[in-house]
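Residue-level structural notes
The lines below spell out each chain.
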Amino acid sequence: MSQSIDIEKLAHLAKLDLTEVERESFGRQIGEILEFVEQLAQLDTEGVEPMTSALDVQNRFRDDAPGESLSAETATQSAPAAQDGFFLVPPVLGTAATGKGS
Amino acid sequence: MLDSTSTILELLRSGDATAREVTEQALRAIGATQPSINAYTHVAYDAALNAAEAVDRDRKAGRPLPPLAGLPVAIKDVLCTADMPTTCSSNMLRNFTPPYDATIVANLKRAGAIVIGKTNMDEFAMGASTETSAMGLTRNPWDEDRTPGGSSGGAAAAVASGTVPLSIGTDTGGSIRQPAAFCGITGLKPTYGRCSRLGLVAFASSLDQAGPLGWSVEDVAIGLQAMAGYDPADSTSVDQEVPDLQSAVATDNLQGVRIGVLRDSIDQEGVAPSVRKAVSDAEKVFTDLGAEIVEVSLRHSPYWVPTYYVIAPCEASSNLSRFDGAHYGHRQSAQDADGAVDESLAKAEPLEAMYRASRAAGFGSEVKRRIMVGTYALSAGYYDAYYNQALKVRRLIRGDYDTAFESVDLLLGPVTPSPAFGLGENIDDPIAMYLCDLFTVGANLAGVPALSLPAGVDDEGLPVGIQLQAPVMQEAKLIAAGAGFQSKTEYHRLRPSGFIVS
C-alpha cells in the first residue's frame, strides 16, 4: 500500500491551508503513521463483516412531529458573522485574490 | 482541599457543611493550584456560588433534595455547557458558548451537582498528555514535571489536586482511564451508549463515551448513576434501565467470580516493572476476595492500536469538517491586514479560501495531522485498504472479547505501559504517543466498559493503575470487583504531597 503522499492534494481535500514547515513535517509523519497502520493488511479478513458501530444499533424512528427547536437568533448567536438570524459568509464565486469576500 | 465524593455528600446531608462552604473551598483550592497545575480552562465563580446558595436555601426550607445536592463537579471542556464556554482546548472554539447543555451535564445539574468549571484537555481530545491543548499544558499533581495523561488530563488533575471530588471526562481510546492511572485516582469508561453523547463534541463518534473520575470506586459509581441513562436525542444511546450501582459497592466477596488475566499484555516488552507488579499484586488481592484467576488472551490485541489509528482519524476528519468558520468558532480572513492574499489561497473561491484559512489558524498540529490521515484513509482508492480493513479487524477484536467473556466475568490487565511520563517526552513522536493507548483502545473498539484503579506506587512515588474490563452493560460487575479491591487496598487513599484534607 505504501506510496508517496501528495500532501498538497490531501490538504486541499481536508480544506486545510498548511505552512511550509507543516507540509514538510506532516509529509514524513503521515508517511510513518500510514506505515504503522499498514500491518492491518497482514490479517485475513475474507468474509468478515465491517463493524461500523461499537454496539449493534438499530435505526430508531420517531414520529414526524414538529418539536421545540432553537430559534434562528439563538442558533446564530455564536456565528462569526450573522444578520437577522442568517449566517454571513464570503462570496461563493470569484477568487480570494480579487479582494471580494471574507 | 476537597476529598472524596461520598465523604462530602455525607457532610452536606448531615448539615456539617453547607453547599456554599464546600463550593468556596473548591474555589479556594482552584485558586491555589491553577497557577501551577492549570487543570481548568474556565472557572464559574459566581454561577457556582449562586447554585450552592440555592441548594442551601432548599435544605433550610426542608425541600426534598436530589442525590448530589451541593456537590462541586468539574466538566471536561469537550462537553457543552450553555452558561460557560466550551473550547475543546482549541483556538477554533476559544470564544464559543453553546446554546444548550450536554444531556449528561443537564443530568448532573438535575441531580444537584454544582458545575464549578471546565477542565483542560488535549485539543479536541486528541492526545495522551494534555500537551496539545491551546490553553497551556496541565501538570501532574504528583510530580509537576510530568504529564497528568490525556486527553482528560485536566479532569484527572482537578480531582488529584483536591479542587473537586468528582469530574467528568470522555474516553475515545483511553482518555479517562490513562489520566486516572497517571494521577492515582479511579476512572470509569462506561459501555458505549450508557451515557448520552448529545452535546459531547464529537471526535470519533463510534468510540466516544463520557464517564466519571474520582478517588474511589464508590465515588465514580455515584457519578455514573447521576450521568447515565437513555436519551432519545442520541440514536446510539442504549435504551436500558441503569441498575442501582451503589448497591454493587458494598461487595467484599467475589466468590464465584472468574477473572481473566491478560498475560500477553503484561509480558510485553516495554512494560514497566512497577506496572507488572501492580497487576500480579492485584491477582493476589482478587484471589483473597474469593475470585478465581485464569489466564486469557485476546488474540488480535497487537492490532488494537493500528485499528484505532485508522478508525479514529477517519471519523475525526469527517466530524471536524463542521468547523468551517461559517457557523461558529474561529473565522480567519484569507486576506491579511493589507488585503494581500497568501499565494496558496489566491486562486481559491472566497468562501473556500475562508474555510481553509480558518481551519489552518484554528486547529493545532495534532488535530491537522489526524484530519489529514483520516482524509487519506477515506480517499478514493484507499478506502478499502485502510478504513474498511480496519472495520473488519474491529469485528475480529470484538469477537475476541465475546469469546473471552464466555469463560470469564472480567478481564484484568494494565492501564498503561508505564506510570506518568515527563512533559515533552513524546510530543515530537506521534507514534510513541499513540502507543500510550496500547492497553486501553480495545475497550473502545469493542464498546465494553472498563475501570482504571490505583493499584501501586513506583520507586519514584508515582501512582500505578490496573484495569478491569467487563461485558457490555455490566458496569455493576466492574464496580463490585473494584470496590472489593479497594476494601482490601489503600492505594486509592494515597494523596500527592501538599494535599491537605480539610
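Structure shown above.
Here's what I pulled together on the structure shown here. (Residues numbered from 1 in each chain as written. Chains lettered and ligands numbered in written order. Predicted model: local features only at pLDDT ≥ 70, side-chain atom pairs only at ≥ 80, totals over all residues. Heavy atoms only, no water.)

Thoughts on the interface of chain A and chain B
The partner chain B presents 79 residues to the 61 residues of chain A that form the contact. At the boundary of chain A with chain B, total buried surface from both sides reaches about 6100 Å², with 67% on carbon and sulfur atoms. Where chain A touches chain B, the interface holds 3 salt bridges. E352 of chain B is the salt-bridge partner of K15 of chain A, the closest N and O atoms lying 3.4 Å from each other. (Contact = heavy atoms within 4.5 Å. Buried area = accessible area lost by both parts, 1.4 Å probe. Salt bridge = Lys/Arg side-chain N within 4 Å of Asp/Glu carboxyl O.)

Describing the pattern of salt bridges
Within the structure shown, the criterion is met by 28 salt bridges over all chains. Two residues, R23 of chain A and E8 of chain A, come together in a salt bridge whose shortest N-O distance is 3.5 Å. With R23 of chain A in helix 2 (residues 20-37) and E8 of chain A in helix 1 (residues 7-13), this pair connects stretches of sequence that are 15 residues apart. Taking relative accessible area as the criterion, R23 of chain A reaches 23% and is therefore assigned partly exposed. Among the residues examined, E8 of chain A registers a relative accessible area of 40% and is labelled partly exposed. Note that E292 of chain B and R258 of chain B form a salt bridge whose closest N and O atoms lie 3.1 Å from each other. Linking E292 of chain B in strand 8 (residues 292-296) with R258 of chain B in strand 7 (residues 258-262), this pair joins segments that are 34 residues apart in sequence. A relative accessible area of 39% means that E292 of chain B is categorised as partly exposed. We classify R258 of chain B as partly exposed; its relative accessible area is 29%. Through salt bridges that share partners, E8, E20 and R23 of chain A make up one connected network. (Helix = DSSP H or I, 4+ residues; strand = E, 2+ residues; numbered from the N terminus. Buried < 20%, exposed > 50% of the residue type's maximum accessible area, 1.4 Å probe, protein only.)

Some details on the side chain of S89 of chain B
With respect to the helices, strands and loops of the structure, S89 of chain B is situated in the loop between strand 2 (72-76) and helix 4 (103-110). With sequence-adjacent residues up to four places away left out, S89 of chain B is seen in contact with T41, N120, M121, E123, S133, A134 and M135 of chain B.

Quick look at the nonpolar core
Counting 169 residues, the largest nonpolar core has F124, F286, M372 and I466 of chain B as the members making the most contacts within it. Contacts of I466 of chain B, omitting those with residues within four sequence positions, involve A278, V279, A282, F286, L412, G413, V415, L451, S452, L453, A455 and F485 of chain B. If you look at the next biggest cluster of nonpolar residues, it comprises 8 residues, including A96 of chain A together with A334, V341 and L345 of chain B. (Core = buried A, V, L, I, M, F, W, Y, C linked by side-chain atoms within 4.5 Å.)

Some remarks on the packing of aromatic side chains
All names here are of chain B. The tally for this structure, following the rule as stated, stands at 16 aromatic pairs over all chains. Centre to centre, the rings of F323 and Y328 are 6.0 Å apart; their planes meet at 75°, and the pair counts as edge-to-face. Accessibility expressed as a relative area gives 2% for F323, which makes it buried. A relative accessible area of 24% places Y328 in the partly exposed class. Cluster of aromatic residues (ring-pair linked, three or more members): F96, F124, F323, Y328 and F363. Looking at R495, its charged tip hangs above the ring of W215, at a distance of 3.6 Å from the centre. Here the guanidinium or amino end of R495 rests over the ring plane of F499, the centre of that ring lying 5.8 Å away. (Phe/Tyr/Trp six-rings, centres within 6.5 Å; stacked < 30°, edge-to-face > 60°. Lys NZ or Arg CZ within 6 Å of the ring centre and 35° of its normal.)

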